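# Structural characterization, general
One letter stands for each residue in the lines below.
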Amino acid sequence: MLSDPSTHPLLIIGWQERISLPDLGLSDFAVKVDTGAKTTALHAEEIETFYKRDEKWVRFRCPDIPGSPARICEFAVFTKRDITNTSGQPETRIVIRTPMILAGRKWKIDISLTDRGSMQFPLILGRRALRHKNIAVHARHTYLVSPLPQPESAAK
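Given the structure is predicted, the values throughout are model-derived calculations rather than measurements. What you see as residue numbers is a count from 1 along each chain, following the sequence as written. Selection of residues for local features in this predicted model requires a pLDDT of at least 70, selection of side-chain atom pairs for listing and counting requires 80 or more, and totals for whole chains, interfaces and linings are taken over all residues. The side-chain figures draw on all heavy atoms in the structure; neither hydrogens nor water molecules are used.

If you look at the biggest cluster of nonpolar residues, it comprises 31 residues, and the most contacted ones within it are L21, L24, F60 and L123. Contacts are residue-level and defined by heavy atoms, with any inter-residue pair within 4.5 Å sufficient. Other than its neighbours up to four places away in sequence, L21 contacts L26, F29, T98, P99, M100, I109, I111 and L123. The nonpolar core is taken to be a set of buried Ala, Val, Leu, Ile, Met, Phe, Trp, Tyr and Cys residues, with the residues joined through side-chain atoms within 4.5 Å. We call a residue buried when its accessible area falls under 20% of the maximum for its residue type, exposed when it is over 50%, and partly exposed in between, using a 1.4 Å probe and counting protein chains only.

Secondary structure elements are taken from DSSP: a helix is a run of H or I of four residues or more, a strand is a run of E of two residues or more, and numbering for both begins at the N terminus. With respect to the helices and strands, the residue R81 is situated in strand β8 (residues 79-84). A relative accessible area of 19% means that R81 is categorised as buried. Here a polar contact is taken to be a pair of N or O atoms separated by no more than 3.5 Å, where protein atoms must pair a possible hydrogen donor with a possible acceptor and residues adjacent in sequence count only if both atoms sit in side chains. Side chain to side chain, R81 and D110 meet in a polar contact 3.1 Å long.

Right, let's get into the side chain of T39. On the secondary structure map, T39 appears in the loop between β3 (26-34) and β4 (40-43). The exposure class of T39 is buried, given its relative accessible area of 10%. Separated by 3.0 Å, the side chains of T39 and R128 make a polar contact. If we skip the residues at most four places from it in the chain, T39 touches R81, I83, D110, S112, I124, G126 and R128.

Any carboxyl oxygen of Asp or Glu within 4 Å of a side-chain nitrogen of Lys or Arg constitutes a salt bridge here. Applying the stated criterion across every chain yields a total of 8 salt bridges. Note that R59 and E48 form a salt bridge whose closest N and O atoms lie 3.2 Å from each other. Linking R59 in strand β6 (residues 55-61) with E48 in strand β5 (residues 45-52), this pair joins segments that are 11 residues apart in sequence. When its relative accessible area of 25% is taken as the criterion, R59 is described as partly exposed. Salt-bridge contacts for R81 lead to D110; the nearest nitrogen and oxygen are separated by 3.1 Å. A residue pair is termed long-range when its members are at least 10 positions apart, and R81 in strand β8 and D110 in strand β10 (residues 105-114) qualify at 29 residues. Through salt bridges that share partners, E48, K52, R59 and E74 make up one connected network.

Let's shift gears to unusual backbone geometry. Positive phi, normally seen in glycine, also occurs at R53, with a value near 50°. Along the chain, the position of R53 falls in the loop between β5 and β6. Take R53: its relative accessible area is 67%, and that puts it in the exposed class. Although it is not a glycine, Y143 sits at a positive phi angle of roughly 50°. Among the secondary structure elements, Y143 is positioned in the segment after β12 (135-138).

Our focus in this paragraph is the state of the cysteines. Whenever a pair of cysteine sulfur atoms sits within 2.5 Å, that pair is classed as a disulfide. Per the stated rule, a full pass over the model turns up 1 disulfide. There is a disulfide in this structure between C62 and C73, and the S-S distance comes to 2.5 Å. Judged by the sign of its S-S torsion, about -110°, the bond between C62 and C73 is left-handed. With a gap of 11 residues between them, C62 in the loop between β6 and β7 (72-76) and C73 in strand β7 connect regions that are remote in the sequence. Of the two residues, C62 and C73, both sit in the buried class.

Moving on: the pairing of β8. Taken together, the 6 bridges between β8 and strand β9 (residues 90-102) define a ladder with antiparallel strand orientation. Looking at the pairing, R81 lines up with R93 of β9. Counted along the chain from β8 to the antiparallel partner β9, the turn is 5 residues long, and its residue G88 has a positive phi close to 85°. When DSSP finds at least two bridges between two strands, those strands are taken to pair.

This is the structure we're talking about:
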């Protein structure tokens, strides 16, 4: 069951933390928290859309996370969004909606799918995912609510 994180006391997290995306089979992996990014972005490869029961779906290869098996994921397309990438170029991305677990709290977030293969972290956690959840980000500290990752698990 999803909790209502907005009713929790203020949670201060670091600019790097560990999260889980259970519906993607990704557990306890390191992410970068970036309040400068509106939307959360996940590294995905082989992204393709298809129709299932007259509804648009997306199939993609999830990132290789140590401790999580490589897998192909399928989700209903939540929406498409115009997003400015890290190079400042606008692009239209497919967005899925799925539960996230952070510091024992669980709620649904929107995740855009894109190639983040050249980035250190497979997921960047944007400010929309934290909005109305009573969470503040400490820009000077990391892993305030989660254990430090093993060195090889911080990168994909």
